[in-house]
Amino acid sequence: MKKYYMDKTCMSFLRVIMFCITMGLIVAIRYFLYFIPIIMWIFMGIFGAMFIAFGLVWLPLYFERGSFMVSRTEIIRNTGFFIRTRQIMKTEAIQYISLVTTPLSRYTGFNFIALYALGGTIVLPFLSKSDAEEISKFLNLLIYSRKEEKG
């Protein structure tokens, strides 16, 4: 059984996006609410605190605790921070696999694998490009070998 972790470059990229959105909102609030200073400062504080809570505290903990274990018999997905989830799918049940990579995914870490089975789906998010390709090739070989054994 091999264990994979979420890609840390994705976490950094998400932080940069969250920071840019937060700064954009703060600038917009300062521009539109300059004539009501108390409300302007309250909203600026709320958005700044949200960035600190989510971007600097929750996001690193979520990425640290997210892991995926892949073996010949099952795939296990462990995610979450406050609410921990553990999903298990037998490799025998997998019908097909979708590998989703985005442009510049080597730098952003936005690589996903969707595993489809009858009655369920598991998505393995934020993998490095090499890990996503490795898992996809491994599972595809398992599916094709299973198909050849049956017929």
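Residues numbered from 1 in each chain as written. Predicted model: local features only at pLDDT ≥ 70, side-chain atom pairs only at ≥ 80, totals over all residues. Heavy atoms only, no water.

Caption draft 1: Quick look at the overall build of the protein chain. Assigned secondary structure in the protein chain consists of four helices and seven strands. Compactness check: the protein chain gives a C-alpha radius of gyration of 20 Å against a globular reference of 15 Å for 151 residues, more than 25% above the reference. With the C-alpha coordinates aligned to their principal axes, the bounding extent of the protein chain is approximately 75 × 30 × 25 Å. Per-residue burial over the protein chain gives 38% buried out of 151 residues. When contacts within the protein chain are restricted to residue pairs at least 6 apart in sequence, long-range pairs at least 24 apart make up 50% of them. For the protein chain, the accessible surface area stands at approximately 9,500 Å², while carbon and sulfur atoms represent 67% of it. Charge centroids of the protein chain, computed over 17 positive and 9 negative side chains, lie 7 Å from each other. (Helix = DSSP H or I, 4+ residues; strand = E, 2+ residues; numbered from the N terminus. Rg over C-alpha atoms; globule rule 2.2 N^0.38 Å. Buried < 20%, exposed > 50% of the residue type's maximum accessible area, 1.4 Å probe, protein only. Contact = heavy atoms within 4.5 Å. Areas by Shrake-Rupley, 256 points an atom, 1.4 Å probe, with all protein chains shown as cover. Lys, Arg positive; Asp, Glu negative; His and termini not counted. Charge placed at Lys NZ, Arg CZ, Asp CG, Glu CD.)

Caption draft 2: Focus on the pattern of salt bridges. Considering all chains together, one arrives at two salt bridges under this definition. In this structure, the salt-bridge partner of lysine 90 is glutamate 74, at a minimum N-O distance of 3.6 Å. One end of the pair, lysine 90, is in strand β4 (residues 85-90); the other, glutamate 74, is in strand β3 (residues 74-79), with 16 residues separating them in the sequence. For lysine 90, a relative accessible area of 45% gives the class partly exposed. (Salt bridge = Lys/Arg side-chain N within 4 Å of Asp/Glu carboxyl O.)

Caption draft 3: Molecular detail of the packing of aromatic side chains. Inspection of every chain in the model, using the stated rule, returns 13 aromatic pairs. Seen from their ring centres, phenylalanine 54 and tryptophan 58 are 6.2 Å apart, and the 75° between their planes marks the pair as edge-to-face. Note that phenylalanine 54 and tryptophan 58 are positioned in helix α2 (residues 37-65) at a spacing of four residues, about one turn of the helix. Judged by relative accessible area, which is 42%, phenylalanine 54 ranks as partly exposed. A relative accessible area of 31% means that tryptophan 58 is categorised as partly exposed. Summarising the aromatic geometry, the rings of phenylalanine 110 and phenylalanine 112 are spaced 6.5 Å apart at their centres and angled 10° between planes, so their arrangement reads as stacked. Phenylalanine 110 sits in the buried class, given a relative accessible area of 16%. Through a chain of ring-to-ring contacts, three or more aromatic side chains come together here, namely Phe13, Phe54, Trp58, Tyr62, Phe63, Phe110, Phe112 and Phe126. (Phe/Tyr/Trp six-rings, centres within 6.5 Å; stacked < 30°, edge-to-face > 60°.)

Caption draft 4: Focus on the sheet that holds β4. Spatially, the four strands line up as an open sheet ordered β1-β2-β3-β4, and their pairing is antiparallel. Every interior strand has two partners, whereas the edge strands, β1 (2-5) and β4, have only one. Taken pair by pair, the neighbouring strands of this sheet meet at an average axis angle of 15°, ignoring direction. Bridge count for β1 against strand β2 (residues 67-70) is four bridges, and the pairing is antiparallel. Each residue of the ladder has a partner; that of tyrosine 5, found in β2, is serine 67. (Pairing = 2+ DSSP bridges. Axes fitted to C-alpha atoms, helices over the stretch in contact; angles between N-to-C directions.)

Caption draft 5: Summary view of α2. Helix length check: α2 (29 residues) gives 41 Å between terminal C-alpha atoms against 42 Å at 1.5 Å per residue, within 8%. The principal kink in α2, of about 35°, is found at tryptophan 58, preceding the proline proline 60 by one to four residues. Listed in full, the buried residues belonging to α2 are Met40, Met44, Phe51, Gly55, Leu59, Pro60, Tyr62 and Phe63. Looking at the buried side of α2, the elements it contacts are α1 (8-32) and β3. (Expected span 1.5 Å × (residues − 1). Bend = angle between axes of the 7 residues up to and from the residue.)

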